[in-house]
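One letter stands for each residue in the lines below.
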Amino acid sequence: MNILDQIIASKKREVELKKSIIPIKQLEQSVLFKRKTNSLVHRLLNNSSGIIAEHKRRSPSKSVINQSDAVEDIVKSYDNGGSSGISILTDNQYFGGSLDDLILARATTNLPLLRKDFLVDEFQIIEAKAFGADVILLIAAVLTREEIKQFSELAKSLNLEVLLEIHNQEELNKSIMPTLDLIGVNNRNLKTFDVNLEYSKQLAEHIPSGFIKISESGIDSTEAILELKEYGFKGFLMGEYFMKSENPESEMKKFINKIKI
């Protein structure tokens, strides 16, 4: 069993436990459930940087990234630094995140927030809305076409935008549907954790023009972003570069100044 299979099996057990103790009605009564969401699509189309900075404490591939800084401080730095949106990893077992991180981020910024997790059940989408997310992530590698349709339709009914993550042509072909907003190419193979920006370049021309293109993982230079922009990418999800910086705000400002074209 590879690491992705392990994560999904663990996530399904976790969600079933949550569903047994937390009623959906309780989530729907959250103050944040009724809030108007902020559009990541709009920000990416009207923001020159396209940076989606991520709050990620650790990962199976990199172990500890940053366990010391408070989520509020990181999020504030990303906001002040010029990020177009912020990704909040909420998986605890493998990435050290939590839904508390999401709600604290929501209290800190008005930027669009992506709940990044391994979504395997509609319950998690309702949960994302209740904790202040604007966007959810669906991973094509672990979902059927019917699940992608079901989950994305629920998200749209809650005014959440949907980022679909793909890794190859097969995943793209099975997943395209009108209830998606953004298509993200993960440059990291989730089964081996190898990283290669060529995945984004190769798939770019196959992504229909009606979807915002996002390149995810392995982006650690301004040269990479300038090159990816030539392939039509509008968003760049960066999960470690700024998170491990001693001064994320300053580092982001310098980085963005180099990619403004």
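Treat the numbers as computed from the prediction; the structure is a model and nothing was measured.

We now examine the sheet that holds strand β8 (residues 182-186). Strand order in the closed barrel made by the eight strands is β1-β4-β5-β6-β7-β8-β9-β10, with parallel pairing throughout. Neighbour to neighbour, the strand axes of the sheet diverge by 25° on average, direction disregarded. Relative to strand β10 (residues 235-238), strand β1 (residues 51-55) is paired through three bridges, and the arrangement is parallel. Across the sheet, residue Ile52 finds its bridge partner in β10, namely Leu237. Helix α4 (residues 71-81) rests against β1 and β4 (85-89) of the sheet, and its axis sits at about 170° to β1.

All right, on to the pairing of strand β5 (residues 113-116) then. Residues Leu113 and Arg115 point to one face of β5 and Leu114 and Lys116 to the other, with burial holding for every one of them. For β4 and β5, the ladder comprises four bridges, and the chain directions are parallel. From the neighbouring strand, Ile88 faces β5, where its bridge partner is Arg115. Since β4 and β5 lie parallel, the crossover through helix α5 (residues 99-108) that links them has a hand, and here it is right-handed. Of the pairings in the sheet, the one linking β5 to strand β6 (residues 135-139) comprises two bridges and is parallel in character. Each bridged residue has a counterpart across the sheet, and for Leu114 the counterpart in β6 is Val135.

Turning to the packing of helix α6 (residues 122-130) against helix α7 (residues 145-157), a few remarks are in order. For the pair α6 and α7, the least separation of the axes is 10 Å and the interaxial angle reads 25°. In terms of their interaxial angle, α6 and α7 are classed as roughly parallel. When the axes of α6 and α7 are compared, the crossing they make is right-handed. On α7, the residues that touch Glu122, Ile125 and Ile126 of α6 are Gln150, Phe151, Leu154 and Ala155.

Here the focus is the environment of Lys201. Considering the arrangement of structural elements, one finds Lys201 in helix α9 (residues 198-204). You can call Lys201 buried: its relative accessible area is 14%. Taking the C-alpha atoms as reference, Lys201 lies 11 Å from His167; in sequence the two are 34 residues apart. Contact partners of Lys201, with chain neighbours within four places excluded, come to Glu227, Leu228 and Tyr231.

Orientation of α4 relative to helix α11 (residues 248-259), taken along the N-to-C sense of each, is 25°, at an axis distance of 8 Å. Judged on the interaxial angle alone, α11 and α4 are roughly parallel. Between α4 and α11 the crossing geometry is right-handed. On the side of α4, the interface is formed by Ile74, Ser77, Tyr78, Asn80 and Gly81, while α11 contributes Pro248, Glu249, Met252, Lys253 and Ile256. Its residues assigned to classes, the contact of α4 with α11 comprises five nonpolar, three polar and two charged.

For α11, which comprises 12 residues, the first-to-last C-alpha distance of 16 Å matches the rise-based estimate of 16 Å (1.5 Å per residue) to within 8%. For α11, the complete set of buried residues consists of Pro248, Met252, Phe255, Ile256 and Ile259. Taken down its axis, α11 places every buried residue within 95° of arc, on the same side. With respect to the buried face of α11, the exposed residues turned more than 90 degrees away are Asn257 and Lys258. If you follow the buried residues of α11, they end up packed against β1, α4, α10 (222-229) and β10.

Judged by nonpolar contacts, the single largest core of 83 residues is most densely connected at Ile51, Ile125, Ile136, Leu138 and Leu182. In this view, Ile125 contacts Leu119, Ile136, Phe151, Leu154, Ala155, Leu158 and Leu160; residues no more than four positions away in its chain are not counted.

Turning next to the packing of aromatic side chains. If you walk through the whole model with that rule in mind, you get four aromatic pairs. With centroids separated by 5.0 Å and ring planes inclined at 85°, the aromatic side chains of Tyr241 and Phe242 adopt a geometry described as edge-to-face. Residue Tyr241 is classed as partly exposed on the basis of its relative accessible area, which comes to 23%. For Phe242, a relative accessible area of 1% puts it in the buried group. Where Phe242 meets Phe255, the ring centres are 5.5 Å apart and the plane angle is 85°; that geometry is what we call edge-to-face.

About the criteria used
Residues numbered from 1 in each chain as written. Predicted model: local features only at pLDDT ≥ 70, side-chain atom pairs only at ≥ 80, totals over all residues. Heavy atoms only, no water. Pairing = 2+ DSSP bridges. Helix = DSSP H or I, 4+ residues; strand = E, 2+ residues; numbered from the N terminus. Axes fitted to C-alpha atoms, helices over the stretch in contact; angles between N-to-C directions. Contact = heavy atoms within 4.5 Å. Buried < 20%, exposed > 50% of the residue type's maximum accessible area, 1.4 Å probe, protein only. Right-handed = clockwise from strand over helix to strand, strands pointing away. Parallel < 35°, antiparallel > 145°, perpendicular 65-115°, else oblique. Left-handed = near helix turned anticlockwise from the far one by under 90°. Nonpolar A, V, L, I, M, F, W, Y, C, P; charged D, E, K, R; others polar. Expected span 1.5 Å × (residues − 1). Arc of directions from axis to C-beta. Core = buried A, V, L, I, M, F, W, Y, C linked by side-chain atoms within 4.5 Å. Phe/Tyr/Trp six-rings, centres within 6.5 Å; stacked < 30°, edge-to-face > 60°.

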